[in-house]
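# Structural description and commentary
The lines below spell out each chain.
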Amino acid sequence: MKKNVTLIIACIFAFSGYSQAIYESFRSIKLDQSRELKIQLPRNYKKNVDKTYPLILVLDGDYLFEPVAGNVDYFSYWEDMPESIVVGVNQRKTRVDDCRYDTAEFLPTLKGAEFFEFIGQELVPYINKTYRTAQLKIIVGHDYTANFINYFLFKDNPIFQGYICLSPEFGDPMGERISNVLTSSSDVWYYLATATNDAEGIKNDVRALDEKMKEIDNPDMHYFFDDFDESSHYTLVGRGIPRALEAIFEMYRPISKKTYKEVLLPLETSTYDYLVDMYKTTEQLYGFKREIRVNDFIAVSTAIEKNQKWEELEPLGKLAIKEHPETMLGHYYLAMFYEQTGEPKKAMRAYENGFQLSEVAFLTKDYMLDKVNKIKEDFGW
């Protein structure tokens, strides 16, 4: 369906190294009116012509776009999350009608139903067609709009995988519906926030939903909750946005001490598979393949050693050689595998092979040479 999109560039920074802010007026067939959009493209978007980016759609864009876009730019600058496309929908005069729902079925009705179709059938397809979006799509809302974004969660094959619900003003059965859906959902990231000085009804409903969520045992669903001390219905937004981004994009950052202690060490399944699956998931979501960090190899190998899963060192070593062929890392893991499985000659050769390569992390030429000499001493060679 042909769209009449009038592009009004309000400001594009002079240098491509800065984030690009664009204003557009989008003509909607579903709404029979134009809607003002704010769009922030990643730094160097024009230069990275083959790269795709997660999409973060912000309702209440007239006041919520800037804090979301600013945090996204800041986090991605420091590589704590992937660069992302941020799109805000201005709703200053329309938010009540946009979020209207039926008081019997508690589903979008009238203008609310039209706005729901506008997002799913017009806006997101337009953004996908016009800009290079990755699979991962996140939607953000505050009070009325935070309630509204959950309707997308109830669809089969929802177009959004991430939901940032800031002090949502829930319709009556919404909490029950959310917990029921998330019980069996996979690959969903759901962030929920309230505060001690939030509106009383909102605070009680959000806390009640959190109690339901605590009972859910679903490892394929990622749930995060904050109850901010001394924040209000409005000030919690400034605290919730960075917390939500930090939680949702945890997989993008190096494996933390917390993840090492709480996930890797008690892991009963393969630690090696955890590493591989983590990077496969991020590749699917973010749309580009990343080199596995040396830090992540070290975290996984340390957990393998602690749990004496020696057989996992062999595939880990081969993967490290593939990812970092210029360093000692992979040969060190293979040597450890051979040592622990009773093949000292193969271990010695692996250490010698690693000795010829670049030092990395704690691995030095002296360290590798000491390993070789220790094996020779032990076996009298």
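If you're wondering where the values come from, they're calculated on a predicted model, not measured in any experiment.

### Focus: the overall build of the chain
Along the backbone of the chain there are 15 helices and 9 strands. Its C-alpha atoms give the chain principal-axis dimensions of about 85 × 50 × 40 Å. Every one of the 381 residues in the chain was classed for burial, and the buried ones make up 50%. Of the contacts made within the chain by residues no fewer than 6 positions apart, 69% connect residues no fewer than 24 positions apart. For the chain, the accessible area works out to roughly 18,500 Å², and carbon and sulfur atoms hold 49% of it.

### Focus on unusual backbone geometry
Phi at Asp 60 takes a positive value of approximately 55°, unusual for a residue other than glycine. For Asp 60, a relative accessible area of 0% gives the class buried. Phi at Phe 106 is positive, roughly 55°, even though this residue is not glycine. Within the secondary structure, Phe 106 sits in the loop between helix H2 (95–98) and helix H3 (111–130). The class of Phe 106 is buried, set by a relative accessible area of 15%.

### Thoughts on the pattern of salt bridges
For the coordinates displayed, the defined rule picks out 21 salt bridges. Here Arg 95 and Asp 143 are joined by a salt bridge, their closest N and O atoms 2.7 Å apart. Within this pair, whereas Arg 95 is found in helix H2, its partner Asp 143 is found in the loop between strand S6 (133–142) and helix H4 (144–148), the two being separated by 48 residues in sequence. For the pair shown, Arg 95 and Asp 143 are each scored as buried. Measuring nitrogen to oxygen at the nearest pair gives 3.2 Å for the salt bridge that ties Glu 343 to Lys 346. Judged by its relative accessible area of 29%, Glu 343 falls in the partly exposed class. Looking at Lys 346, the relative accessible area reads 37%, which means it is partly exposed.

### Structural notes on the nonpolar core
Formed by 70 residues in total, the largest nonpolar core has its most connected members in Ile 56 and Leu 166. The element contributing the most residues to this core is helix H13 (residues 329–340), with 8 residues. Among residues more than four places away in sequence, those in contact with Leu 166 are Leu 64, Val 140, Gly 141, His 142, Asp 143, Ala 146, Tyr 191, Ala 193, Leu 236, Val 237, Gly 240 and Ile 241.

### Some details on the environment of Val 68
As for its placement among the helices and strands, Val 68 is situated in helix H1 (residues 61–77). On the basis of relative accessible area, Val 68 is assigned to the buried category, the value being 2%. For the pair formed by Val 68 and Leu 57, sequence separation is 11 residues and the distance between their alpha carbons is 9.6 Å.

### A few points about a nonpolar patch on the surface
Together, Tyr 74, Tyr 77 and Trp 78 line one region of the surface with nonpolar side chains, adding up to about 410 Å² of accessible area. Turning to its location among the elements, Tyr 77 is positioned in helix H1.

### Looking at the packing of aromatic side chains
Working definition: an aromatic ring pair is given by the centre-to-centre distance plus the angle between the planes. As enumerated under the stated definition, the model contains 25 aromatic pairs in all. Relative to Phe 160, the ring of Phe 152 has its centre 5.2 Å away and its plane inclined at 80°; by these criteria the two rings are edge-to-face. Grouping residues by exposure puts Phe 152 and Phe 160 together as buried. An aromatic cluster is built from Phe 26, Phe 115, Phe 116, Phe 118, Tyr 126, Phe 148, Tyr 151, Phe 152, Phe 154 and Phe 160, whose rings are joined through pairwise contacts.

### Concerning the packing of helix H11 (residues 294–306) against H13
When two helices pack together, you describe them by how their axes are tilted relative to each other and by the distance separating the axes. Packing of H11 against H13 leaves a shortest axis separation of 12 Å and a crossing angle of 10°. In terms of their interaxial angle, H11 and H13 are classed as roughly parallel. Along the contact surface, H11 presents Val 294, Phe 297, Ile 298, Ser 301 and Glu 305, while H13 presents Leu 329, Tyr 333 and Met 336. Among the residues making up the contact of H11 with H13, the classes are represented as 6 nonpolar, 1 polar and 1 charged.

### Here we look at H3
Where H3 bends most, at Phe 118, the angle is about 35°. Looking at H3, one finds that the buried residues are Gly 112, Phe 115, Phe 116, Phe 118, Ile 119, Glu 122, Leu 123, Val 124, Tyr 126 and Ile 127.

### With respect to helix H14 (residues 344–355)
Between its first and last C-alpha atoms H14 spans 16 Å; for 12 residues at 1.5 Å apiece the expected length is 16 Å, and the two agree. Looking only at H14, the buried set comprises Pro 344, Ala 347, Met 348, Ala 350, Tyr 351 and Gly 354. All buried residues of H14 project into a common sector of 160° when viewed along the axis, lining one side. Residues of H14 that are buried make contact with H13 and helix H15 (365–379).

### Details of the side chain of Arg 290
Assignment of secondary structure puts Arg 290 in the loop between helix H10 (271–286) and H11. No salt bridge forms around the buried Arg 290; measuring N to O, its nearest opposite-charge neighbour Asp 296 is 6.1 Å away. Within the structure, the side chain of Arg 290 is placed 3.3 Å from the side chain of Thr 282, a separation counted as a polar contact. The contacts of Arg 290, once residues within four sequence positions are left out, are Met 251, Tyr 252, Tyr 279, Thr 282 and Glu 323.

What counts, and at which threshold
- Residues numbered from 1 in each chain as written.
- Predicted model: local features only at pLDDT ≥ 70, side-chain atom pairs only at ≥ 80, totals over all residues.
- Heavy atoms only, no water.
- Helix = DSSP H or I, 4+ residues; strand = E, 2+ residues; numbered from the N terminus.
- Buried < 20%, exposed > 50% of the residue type's maximum accessible area, 1.4 Å probe, protein only.
- Contact = heavy atoms within 4.5 Å.
- Areas by Shrake-Rupley, 256 points an atom, 1.4 Å probe, with all protein chains shown as cover.
- Salt bridge = Lys/Arg side-chain N within 4 Å of Asp/Glu carboxyl O.
- Core = buried A, V, L, I, M, F, W, Y, C linked by side-chain atoms within 4.5 Å.
- Patch = residues over 30% accessible without salt bridge, like charges linked within 9 Å, V, L, I, M, F, W, Y side chains within 5 Å.
- Phe/Tyr/Trp six-rings, centres within 6.5 Å; stacked < 30°, edge-to-face > 60°.
- Axes fitted to C-alpha atoms, helices over the stretch in contact; angles between N-to-C directions.
- Parallel < 35°, antiparallel > 145°, perpendicular 65-115°, else oblique.
- Nonpolar A, V, L, I, M, F, W, Y, C, P; charged D, E, K, R; others polar.
- Bend = angle between axes of the 7 residues up to and from the residue.
- Expected span 1.5 Å × (residues − 1).
- Arc of directions from axis to C-beta.
- Lys, Arg positive; Asp, Glu negative; His and termini not counted.
- Polar contact = N/O pair within 3.5 Å; in protein donor to acceptor, adjacent residues only side chain to side chain.

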